[in-house]
Amino acid sequence: MARLDGKVALITGGNSGIGRGTALLFAQEGAQVVIAARNLDKGAATVSAIEQAGGKAIFLPADLRGWAECEAVATETLRQFGQIDMLFNNAGIVTLRTVMDTMPEMWEDIWATNVSSVFYMSRAVLPSMIERGSGVIVNCGSDWGMVGAQNAAAYCASKGAVIQLTRAMALDHGRQGIRVNAICPGDTLVERWSESAKLEAKSDADFDAYVEQLGEAFALGRVAHVDEIARAVLFLASDDSSYMTGQTLVVDGGNTAGGTSVRYT
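What counts, and at which threshold
Residues numbered from 1 in each chain as written. Predicted model: local features only at pLDDT ≥ 70, side-chain atom pairs only at ≥ 80, totals over all residues. Heavy atoms only, no water. Phe/Tyr/Trp six-rings, centres within 6.5 Å; stacked < 30°, edge-to-face > 60°. Helix = DSSP H or I, 4+ residues; strand = E, 2+ residues; numbered from the N terminus. Buried < 20%, exposed > 50% of the residue type's maximum accessible area, 1.4 Å probe, protein only. Salt bridge = Lys/Arg side-chain N within 4 Å of Asp/Glu carboxyl O. Core = buried A, V, L, I, M, F, W, Y, C linked by side-chain atoms within 4.5 Å. Contact = heavy atoms within 4.5 Å.

Another point: the packing of aromatic side chains. In this description, a pair of aromatic rings is defined by centroid distance and the angle of the planes. Considering all chains together, one arrives at four aromatic pairs under this definition. Summarising the aromatic geometry, the rings of Trp67 and Tyr120 are spaced 6.3 Å apart at their centres and angled 55° between planes, so their arrangement reads as tilted. With Trp67 in helix H3 (residues 67-81) and Tyr120 in helix H4 (residues 104-132), the pair connects residues that are 53 residues apart, well separated along the chain. Given a relative accessible area of 27%, Trp67 falls into the partly exposed group. Relative accessible area serves as the criterion here: at 23%, Tyr120 is assigned to the partly exposed category. Ring pairing ties together the aromatic residues Trp67, Phe119 and Tyr120, which thus form one cluster.

Shown next as structure tokens:
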């Protein structure tokens, strides 16, 4: 029996990167998957990939930086499926700048995307979870939410906030049958890296060399693959972690084992 049979999983930012990998894996494990994100083409492509593999999924286009659209996503999910068993708050952006280099509008955007969306989506799904007396929320933090990093002030602050929000929600809602944990990935080979390399006109060989050089700084000698993070999210979302709540599961190849994180540009 698949680990998520009969479950409904709502994944924000599930159209690319870790979110997409998790959506594919959840569907393989029997979940009906709802993907909420902004990019229509990528959302449709992810749903198509799930359906071609025999899974079930729908895409709900939404800008999750505001309360109204988050509430609408939860309402539509409940209308179509009648329940929300798990929420993976994965939507996020990265800005690599110091405080001095971060413009106010950049700060507001990264906070709205990385923190407010987690708050709004959690607030939107919690009433139905509380009513049913069960539910799982997994928030996407970062190894840089656990320790600081240079040239990433706003990002580090946002992911630190996600981790603290995770702990607070776990304490507030544990007696209502709801578990809340955070996954904290390290450097992971996601699409935006390769897309960025193409914009910078880097050859495939140059890109591969960059990824290899970056990985050499970590204890395992490489960066993560998306499926490695997705499997950790599945662990937190499934009954395999039934006695875990308020925890941060760091999956970073040993990057923070020494109490700090690697500096890179």
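Pairing is possible between side chains that carry opposite charge, provided their charged atoms lie close to one another. Scanning all chains against the criterion turns up eight salt bridges. Measuring nitrogen to oxygen at the nearest pair gives 2.7 Å for the salt bridge that ties Glu76 to Arg79. One end of the pair, Glu76, and the other, Arg79, are both in helix H3, three residues apart, so they sit about a helical turn from each other. Glu76 sits in the partly exposed class, given a relative accessible area of 23%. One salt bridge in this structure joins Asp227 and Arg231, with 2.7 Å as the shortest N-O distance. Of this pair, Asp227 and Arg231 both sit in helix H9 (residues 226-237), four residues apart, which is roughly one turn of that helix.

Turning to the nonpolar core, a few remarks are in order. The nonpolar side chains of a soluble globular protein tend to be buried, and buried together. Grouped together as the largest cluster of nonpolar side chains are 38 residues, with contacts concentrated most on Phe26, Val33, Phe88, Val138 and Ile183. Sorting elements by how many residues they give to this core places H9 first, with eight residues. Residues within four places of Val33 in sequence aside, it is in contact with Ala9, Ile11, Ala23, Phe26, Ala27, Lys56, Ala57 and Ile58. Ile58, Cys70, Val118 and Met169 belong to the second-largest nonpolar core, a separate cluster that totals 28 residues.

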